[in-house]
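Here is what each chain is made of, one letter per residue.
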Amino acid sequence: MTKPLSPSAQKVQDTLKALGYSFVVIESETPTKTAEQAAAFAGCLLGQIVKSLIFQGLNSGKAILVLTSGANRVDEKRLSEYVGEPIGRASPELVRNTTGFAIGGVPPIGHVQKVETYLDEDLMQYESIWAAAGTPNSLFQLTPAALQEMTGAKVAQVK
Ligand code: 5CA
């Protein structure tokens, strides 16, 4: 028997299913809060981890989701050119209010609000990638094409 998922991870699993995907959420005994921990658990390259990062437009106040490779740092200046206004990091409160999840477990889907989303072009080179599934110890494996499709993200150079 497999252990039931925690409620936030189950929410992500349900969202995947509702969207028609068969990707499976798994929970780890050890934390996958950071991209490094997630890669160690998944047994993949750091670059194959999807970081779901929330930024904020500094003029509009709107939230922006950036799905970036675990190996990369987002270039805020470049991102602000795509967004059309200066941007900054979201506060933990904005992350929670926008996504419904806490930092360290923010998944790419299943958010309470629809958010403008950018997908790091570097993720597209991999056959498979891993994203957080709602908790600081859950992940699911998927393909870059599915990630783009399920989020409606614009593929962009964000690093
Ligand atoms: N589960 C892992 C691997 S998928 C994960 O969620 N990694 S993450 O990179 O997507 O989420 C952690 C990120 O949250 C950090 O990279 C950092 O950019 C952001 N973060 C951490 N602390 C804060 C904070 N106090 N305020 C805003 N953002 C934060």
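Placed above this text is the structure.
So, here is what we can say about the structure in this document. (Residues numbered from 1 in each chain as written. Predicted model: local features only at pLDDT ≥ 70, side-chain atom pairs only at ≥ 80, totals over all residues. Heavy atoms only, no water.)

Comments concerning the pairing of strand β2 (residues 49-57)
As a general feature of sheets, a regular strand has side chains that alternate between the two faces. Our working definition: Burial classes follow relative accessibility: with a 1.4 Å probe on protein chains only, a residue under 20% of its type's maximum area counts as buried, one over 50% as exposed, and anything between as partly exposed. A run of H or I in DSSP becomes a helix once it reaches four residues, and a run of E becomes a strand once it reaches two; helices and strands are each numbered from the N terminus. Here, strands pair whenever DSSP counts at least two bridges between them.
Counting buried residues in β2 gives seven out of nine residues, a clear majority hidden from the surface. Sheet analysis places β2 next to strand β6 (residues 129-132), joined by two bridges and oriented parallel. Counted as the bridge partner of Val50 is Ala131 from β6. One ladder, built from seven bridges, connects β2 with strand β3 (residues 63-69); its direction is antiparallel. Looking at the pairing, Phe55 lines up with Ile64 of β3. In this antiparallel pair of consecutive strands, β2 and β3, the connection spans five residues, and Gly61 shows a positive phi of 85 degrees. Sheet analysis places β2 next to strand β4 (residues 87-89), joined by three bridges and oriented antiparallel. Following the sheet pairing, Gly57 is matched in β4 by Ile87.

Re the site of the ligand
How we decide: Being near a molecule or strand, for a residue, means having at least one of its heavy atoms within 4 Å of it. Any pair of N or O atoms that falls within 3.5 Å is considered a polar contact. Within protein, one atom must be able to donate a hydrogen and the other to accept it, and sequence-neighbouring residues count only if both atoms are side-chain atoms. Method for areas: the Shrake-Rupley scheme with a 1.4 Å probe, in which residue coverage is limited to the protein chains shown. Side-chain classes are defined by residue name, with Ala, Val, Leu, Ile, Met, Phe, Trp, Tyr, Cys and Pro counting as nonpolar, Asp, Glu, Lys and Arg as charged, and the others, Gly among them, as polar.
Near the ligand you find 16 residues, and of these Thr32, Lys33, Ser52, Arg89 and Gly104 are the closest. Contact distances for the ligand include 2.4 Å between an oxygen atom and a side-chain N or O atom of Arg89. Here the ligand, which alone exposes 600 Å², has 72% of that area covered by the protein. A per-class count over the shell around the ligand returns eight nonpolar, five polar and three charged.

What about the nonpolar core?
The nonpolar side chains of a soluble globular protein tend to be buried, and buried together. Rules: Think of a nonpolar core as a cluster: buried Ala, Val, Leu, Ile, Met, Phe, Trp, Tyr and Cys residues, connected wherever their side-chain atoms sit within 4.5 Å. Two residues qualify as a contact provided that any one of their heavy atoms is within 4.5 Å of a heavy atom in the partner residue.
By size, the foremost hydrophobic cluster in this structure holds 30 residues, and its most contacted members are Val12, Leu16, Phe23, Phe140, Leu142, Leu147 and Met150. Listed by contribution, the elements that provide at least two residues to this core are α1 (7-18), β2, β3, α4 (92-99), β6, β7 (138-142) and α5 (144-151). With sequence-adjacent residues up to four places away left out, Phe140 is seen in contact with Val12, Leu16, Phe23, Val24, Val25, Pro108, Ile129, Trp130, Ala131, Ala132 and Ala133. Counting eleven residues, the second-largest nonpolar core is a separate cluster that includes Leu53, Leu79, Tyr118 and Ala156.

Some details on α5
Where we set the bar: This arc describes the spread of directions from the helix axis toward the C-beta atoms.
Within the span of α5, buried status applies to Pro144, Ala146, Leu147, Met150 and Thr151. Summarising the axial view, the buried residues of α5 lie within an arc of 160 degrees, below the 170-degree limit, and thus occupy one face. As for α5, its buried residues are in contact with α1, β2, β3, β5 (116-120), β6 and β7. Following α5 by one or two positions, Gly152 adopts a phi angle in the positive range, close to 65 degrees.

What to know about the environment of Leu119
Structurally, Leu119 is set in strand β5. Residues Leu119 and Ser69 lie 50 residues apart in sequence; the distance between their C-alpha atoms is 8.8 Å. If we skip the residues at most four places from it in the chain, Leu119 touches Leu67, Met124, Pro144, Leu147, Gln148, Ala153, Lys154, Val155 and Ala156.

Observations regarding the packing of aromatic side chains
We count it as follows: Stacked, tilted and edge-to-face pairs are distinguished by plane angle, under 30 degrees for stacked and over 60 for edge-to-face with tilted covering the rest, among Phe, Tyr and Trp rings (Trp via its six-membered ring) whose centres lie within 6.5 Å.
Here the structure, examined in full by the defined rule, presents two aromatic pairs. An angle of 40 degrees between the planes, with centres 5.7 Å apart, marks the rings of Tyr82 and Tyr118 as tilted. Highlighted residues: Tyr82 in helix α3 (residues 76-83) and Tyr118 in strand β5, separated in sequence by 36 residues. Judged by relative accessible area, which is 39%, Tyr82 ranks as partly exposed. For Tyr118, a relative accessible area of 2% corresponds to the buried category.

Thoughts on the pattern of salt bridges
In plain terms, the rule: Here a salt bridge means any side-chain nitrogen of Lys or Arg lying within 4 Å of a carboxyl oxygen belonging to Asp or Glu.
Summed over the entire model, instances satisfying the criterion amount to three salt bridges. With its nearest N and O atoms 4.0 Å apart, the salt bridge here joins Lys3 to Glu29. Here Lys3 is found in the segment before α1, whereas its partner Glu29 is found in the loop between β1 (25-27) and α2 (35-42), with 26 residues between them in sequence. Note on accessibility: Lys3 and Glu29 belong to one class, exposed.

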